[in-house]
Amino acid sequence: MISVSFDRYFVRTNVSDGEQARQALIDAKLLDIECKIAKDADWLYFPLTEKKTKKGLGKILGKIEYEIGVRGFTPVYMGPKTLSEALVGLIPPNLLDLLPRAYDLIGDIAVIEIPDELTDYGSQIGAALKTVHKNFNTVLGKRGAISGTTRVRQYEILAGQKKTKTIHTEYNLRIAVDVAKAYFSPRLLEEHNRIADLVSDGELVIDMFTGVGPFALHIARRHRVKVYAVDINPDAIDLLQESLELNRFAGEIIPILGDAHDYIQSGFDGDVDRVIMNHPAGAFEFVVDACKALKPEGVMHYYDFIGGDNPESSLTEKITGLVSDGGREVARIETIRRVRDSAPYEYQMVADVVIQ
Ligand SMILES: C[S@@+](CC[C@H](N)C(=O)[O-])C[C@H]1O[C@@H](n2cnc3c(N)ncnc32)[C@H](O)[C@@H]1O
């Protein structure tokens, strides 16, 4: 076996003074945490990030007795540190620059987007990602775009356990997710939380396109409310049911499998406080239903994909027209914001709209 060793300046102390010395060196940002602390019968050797004089060390270590010197230390981690380092020799050098710089972490599953030029190297990239970051069990590669009514995309298992289902945690809320069966994006974490912040106890809420239920779950965990959580995808509703067993709630969630239009038209008429419409590719067709459901001064959280130079004014114009087509008027738009980039020069936008 090859043993690797890094030469470092060190501080040597008695074992009995070790913990105090270690803490003092950490506080002074002087302990090299990339090397293991060495030990022999009576002494501990602390690797330092830089050379220090005895006088300088005296100020840091106070009354602790110590010696200084240079010796070899075993590195804490000997593998590659970046995806690109881990793939040297495994993919052509001219393709290393195309490697994805980021990945999504959903529960214990990492999801990466591999550019077309690298699709032949998917399993090498998956294995390399697992070597560099050891905190997940599966690596999935995105295949194609999110599409269809249920807004699900396909995935390829690149490395690790062969699964697409996991439990994801957001602000201590546990959410059952199966990325191959129902939509979920960890990038909406702040948006889930922002909407939950706006809700008050006693509200009646409809989450019209609930998916696996992240908005509904955040809201009902924190507030004494009733949330009807509707989705047309049976897998999404099964996953939501599972999450109901994983958490404790202040309020109540009623999962509904069905079409949001049919559900609202058959059951609600001006009695709902808040409607969440996070289906940016299709929510515009359901504004008329939200208008039927909402009370005067009720709130609609309307999501859409908007491009152009001034997406805020485009969205204002669009939602004002849609509400008017739905037989109601916009009293005011409380917030309008870009939630995330959805394509070059296009954003997923949200408008928090109060209806007259
Ligand atoms: C972009 S996903 C959003 C899911 C969820 N709101 C979230 O933030 O994770 C849109 C969801 O709308 C659902 N959907 C599409 N058409 C629907 C309809 N007519 N009625 C109810 N749900 C529908 C899809 O199944 C999908 O789960």
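Residues numbered from 1 in each chain as written. Predicted model: local features only at pLDDT ≥ 70, side-chain atom pairs only at ≥ 80, totals over all residues.

*Asks:* Sorry, what's going on with the overall build of the chain here?
*Replies:* Secondary structure summary: the chain contains ten helices and 17 strands in total. For a compact globule of 356 residues, the expected C-alpha radius of gyration is about 21 Å, and the chain comes in at 27 Å, more than 25% above that figure. Per-residue burial for the chain yields a buried fraction of 37% across its 356 residues. Partitioning the contacts of the chain with sequence separation of at least 6, the portion at a separation of at least 24 is 65%. (Helix = DSSP H or I, 4+ residues; strand = E, 2+ residues; numbered from the N terminus. Rg over C-alpha atoms; globule rule 2.2 N^0.38 Å. Buried ≥ 20, exposed ≤ 12 C-beta atoms within 10 Å, placed from the backbone. Contact = placed C-beta atoms within 7 Å.)

*Asks:* What am I meant to see in the site of the ligand here?
*Replies:* Around the ligand, 23 residues are found, and the nearest of them are F209, G211, N233, A260 and N278. Among the secondary structure elements, those contributing two or more residues to the shell around the ligand are helix 6 (214-222), strand 12 (226-231) and helix 8 (260-267). Of the residues contributing to the shell around the ligand, the split by class is eleven nonpolar, nine polar and three charged. (Near = placed C-beta within 6 Å. Nonpolar A, V, L, I, M, F, W, Y, C, P; charged D, E, K, R; others polar.)

*Asks:* Any chance you could explain unusual backbone geometry here in plain terms?
*Replies:* Trans is the prevailing form of peptide bonds, just as negative phi is the prevailing case for residues other than glycine. Despite not being glycine, N172 has its phi angle at roughly 70°, a positive value. A tally of 7 C-beta atoms within 10 Å means that N172 is categorised as exposed. Residues other than glycine seldom take positive phi values, yet E297 does so here, at roughly 70°.

*Asks:* Hey, could you run me through helix 5 (residues 189-198) in this one?
*Replies:* Helical periodicity: at 3.6 residues per turn, an α-helix aligns residues three or four positions apart in one direction. Those residues of helix 5 not exposed but buried are E191, H192, I195 and A196. In an axial view of helix 5, the angular spread of the buried residues amounts to 135°, which keeps them on one side of the axis. Opposite the buried face of helix 5, at more than 90 degrees from it, the exposed residues are E190 and D197. Where helix 5 is buried, its residues touch strand 9 (165-170), helix 6, strand 14 (272-277), strand 15 (294-307), strand 16 (330-343) and strand 17 (346-355). (Arc of directions from axis to C-beta.)

*Asks:* Any chance you could explain the sheet that holds strand 6 (residues 109-112) here in plain terms?
*Replies:* The strands that make up a sheet are held in pairs by hydrogen bonds between backbone atoms, and each pair lies either parallel or antiparallel. Strands sit in the order 5-6-7-8 across an open sheet of four strands; the sheet is mixed. On the outer flanks of this sheet lie strand 5 (104-106) and strand 8 (152-160), each paired with one strand and no other. Shown here is a sheet whose adjacent strand axes are inclined to one another by a mean of 30°, direction ignored. Where strand 7 (residues 138-147) lies against strand 8, seven bridges are found, and the strand directions are antiparallel. Counted as the bridge partner of L140 is I157 from strand 8. Across the sheet, helix 4 (residues 122-132) touches strand 6, strand 7 and strand 8, and the angle it forms with strand 8 is around 65°. (Pairing = 2+ DSSP bridges. Axes fitted to C-alpha atoms, helices over the stretch in contact; angles between N-to-C directions.)

*Asks:* Just checking my understanding: could you explain the domain arrangement of the chain for this structure?
*Replies:* Reports of interface size often rely on the accessible area that becomes lost once the parts have come together. One can read the domain layout of the chain as domain 1 (6-73), domain 2 (83-163) and domain 3 (185-355). Domain 1 and domain 2 are separated by 40 Å when their C-alpha centres are compared. (Domains from an automatic or database assignment.)

*Asks:* Would you take a moment to explain helix 4 for this structure?
*Replies:* If you check which residues of helix 4 are buried, you get I125, G126, A128 and L129. Projected down its long axis, helix 4 shows its buried positions confined to an angular sector of 165°, all on one face. On its buried side, helix 4 packs onto helix 3 (83-86), strand 6, strand 7 and strand 8.

*Asks:* Help me understand the sheet that holds strand 12 in this model?
*Replies:* Spatially, seven strands are ordered 13-12-11-14-15-17-16 in an open sheet, and the strand pairing comes out mixed. The strands lining the two open edges of the sheet, one partner per strand, are strand 13 (252-257) and strand 16. Ignoring strand direction, the axes of neighbouring strands in this sheet form an average angle of 15°. Here ten bridges tie strand 16 to strand 17, and the two strands are oriented antiparallel to one another. Each bridged residue has a counterpart across the sheet, and for D341 the counterpart in strand 17 is Y347. In the packing of helix 6 onto the sheet, contacts are made with strand 11 (204-207), strand 12, strand 13 and strand 14, and the angle to strand 12 comes to roughly 170°. The sheet strands contacting helix 7 (residues 234-246) are strand 12 and strand 13, and the helix crosses strand 13 at an angle near 160°.

*Asks:* I keep staring at the packing of helix 5 against helix 6 and nothing clicks. Help me out?
*Replies:* How two helices pack is summed up by the angle between their axes together with the distance between the axes. Close contact between helix 5 and helix 6 brings their axes to 9 Å; oriented N to C, the two are set at 40°. Classified by the angle between their axes, helix 5 and helix 6 sit oblique to one another. Judged by the twist between their axes, the crossing of helix 5 over helix 6 is right-handed. Here helix 5 contributes H192, N193, I195 and A196 to the contact with helix 6, which in turn contributes P214, F215, H218, I219 and R222. (Parallel < 35°, antiparallel > 145°, perpendicular 65-115°, else oblique. Left-handed = near helix turned anticlockwise from the far one by under 90°.)

*Asks:* Explain the nonpolar core to me, please; I cannot follow it from the model alone.
*Replies:* Taken as a class, soluble globular proteins show a tendency for nonpolar side chains to be buried jointly. Core analysis: the largest hydrophobic core is formed by 78 residues, its most contacted members being I219, V275, M277 and Y302. Summarising the domain contributions, this core has at least three residues from each of domain 2 (83-163) and domain 3 (185-355). Ignoring any residue separated from it by four or fewer positions in sequence, one finds V275 in contact with I206, M208, A290, A293, L294 and M300. One finds F10, L44, L48 and L57 within the second-largest nonpolar core, a separate group that totals 13 residues. (Core = buried A, V, L, I, M, F, W, Y, C linked by C-beta atoms within 7 Å.)

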